[in-house]
Structures are given as structure tokens and as C-alpha cells.
Amino acid sequence: MMQAFGRGVLGRLPVVVTLTVVWVLLWGNVGPLTVLGGALAALLVMTVFPFPAVMWKGRFRPLPALRLVVTFVADLLMASVQVAWIAIRPQAPPRSAVIRVQMATRSELLLTITAELISLVPGSLLIELDSRRGLIWLHLLDGSTPEKVELARSKALAQERRVIAALGSDPEVVACGQDAGAHP
């Protein structure tokens, strides 16, 4: 089943709600005029700057999605401690590195989600994403040894497998070596 997000009223509703929440948070007031003004501003933004439709062939799998979130939070906490240690330790900063990682999927949505999750974890940053070839380039804060570079590459691929398990199509899940039917 292919779904298009960004078209029609229902496709816009989550974006309008999100933009309205951001508006309310920026104003620091939950009054009716603030909420109404935020909704109108969101609708104006959506009309003037329409988002392109995003095609999604996958399906949402709750258990792998939970695994994705829990692993992401754990990675976030561990990497934050590691980066903090690099910042305060008395030694010189480690050598950084730029690596290219060949991803399994060509789905722009899944590649973008994977790349964003990787970039949100301290110590790595997305430099470029080529969805046509399934390549991402990452900047690593600590690429001082070949082992650390390969660890970062394997973590990126593991993150992609978790994203595909949670949101990918059955053929993508099978292509990543996972059981598509194991997680309803």
C-alpha cells in the first residue's frame, strides 16, 4: 500500500497542529486567541510554502518502533557522555573523519529519518544524502582509529535496519535480513 502524506486536509492536519503548538510555545500563552492565531499562521505557511507529497510504501510496526526509540535514547545518552568527556578531558581533541555509508534503502523518507536520527546523536553529523544511490556522508567527531570509523559505519547501518524494521515495506524488511511477519 502506497500512502501520500502532505495532500488533502488530513495530510495537512498533523503539520498544522505541530506548527500551532510551536506558535503557542513561542508565545508562552495557551489562550484561545493564541491558538487560533497559531492555526491561522500555520495554514498561511502551508498555503504559501506547500510541502511536497512524500510517498511511503511501508507500514508502521509498533514493537520495532519502540525498539527504535529506546535504542535512540540510549545512544543519545551514551554519546552525550562521550562527547562531554572529549570536551573536558585534558588531551587534544581526537582526529575527526568523514565517512561514506552505503545504505540499503532508496526510500527518501526512510533515508531522511535514518540520517536525522544519526545526526541527532552527538558525535556524528550528516554532511550529504544521495537518495538515488542510497549513500550518506557523515562527519565523525572521533574518527581517530579505523576501529572507531568502522564502529560508526556499523552503527549507521544498524540505525537504518531499525528504521526499516519500524517503518519499511515488507520487501525492504526482508532485504535487510529481518522477518517482516515477526512484528505485526
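Structure first, text after, so check above.
A brief report on the enclosed structure follows. What you see is a predicted model, and the numbers here were worked out from it, not measured in a lab.

Attention now goes to the layout of surface pockets. In this structure, the largest pocket encloses a volume near 590 Å³. Forming the walls of the largest pocket are 24 residues, and the residues nearest its centre are Ala-79, Gln-82, Pro-122, Ala-152 and Lys-155. Every element with two or more residues in the lining of the largest pocket is listed here: helix H3 (62–88), strand S5 (135–140) and helix H5 (146–167). For the lining of the largest pocket, the leading source of residues is H3, giving eight residues. Across the lining of the largest pocket, the residue classes break down as 14 nonpolar, five polar and five charged.

Moving on to the nonpolar core. Membership of the largest hydrophobic core comes to 14 residues, with the highest contact counts inside it found for Leu-68, Leu-110, Leu-117, Val-163, Ile-164, Ala-166 and Leu-167. Secondary-structure elements contributing two or more residues to this core are H3, helix H4 (108–120) and H5. Those residues in contact with Ile-164 that lie beyond four places of it in its chain are Arg-61, Thr-105, Leu-110, Glu-172, Val-173 and Cys-176. Grouped together as the second largest cluster of nonpolar side chains are twelve residues, Ala-97, Leu-111, Val-149 and Ala-156 included.

Thresholds applied
Counting of residues starts from 1 at the beginning of each chain's written sequence and follows it residue by residue. Residues qualify for local features only when their pLDDT is at least 70, as the model is predicted, and side-chain atom pairs are given and counted only at 80 or more; totals for whole chains, interfaces and linings, by contrast, use all residues. Excluding hydrogens and water, the side-chain figures rest on all heavy atoms present in the structure. Buried and open spaces are told apart on a 1 Å grid over the protein atoms alone, a cavity being a set of points where a 1.4 Å probe fits but cannot get out and a pocket being an open set with protein on both sides within 12 Å along at least five of seven lines. Residues with an atom within 4 Å of a point are the lining residues. Grid points are joined across faces, edges and corners, and a volume is the space filled by probe spheres set on the points. Helix and strand labels come from DSSP, where a helix needs a run of H or I of at least four residues and a strand needs a run of E of at least two; each type is numbered from the N terminus. Under this grouping Gly is polar, as are all residues other than the nonpolar Ala, Val, Leu, Ile, Met, Phe, Trp, Tyr, Cys and Pro and the charged Asp, Glu, Lys and Arg. What is meant by a nonpolar core is a set of buried Ala, Val, Leu, Ile, Met, Phe, Trp, Tyr and Cys residues, joined one to another through side-chain atoms within 4.5 Å. Exposed residues in this analysis have more than 50% of their type's maximum accessible area, buried residues have under 20%, and partly exposed residues fall in between, with area computed by a 1.4 Å probe over protein chains only. When checking whether two residues touch, look at their non-hydrogen atoms; a contact exists if any pair is within 4.5 Å.

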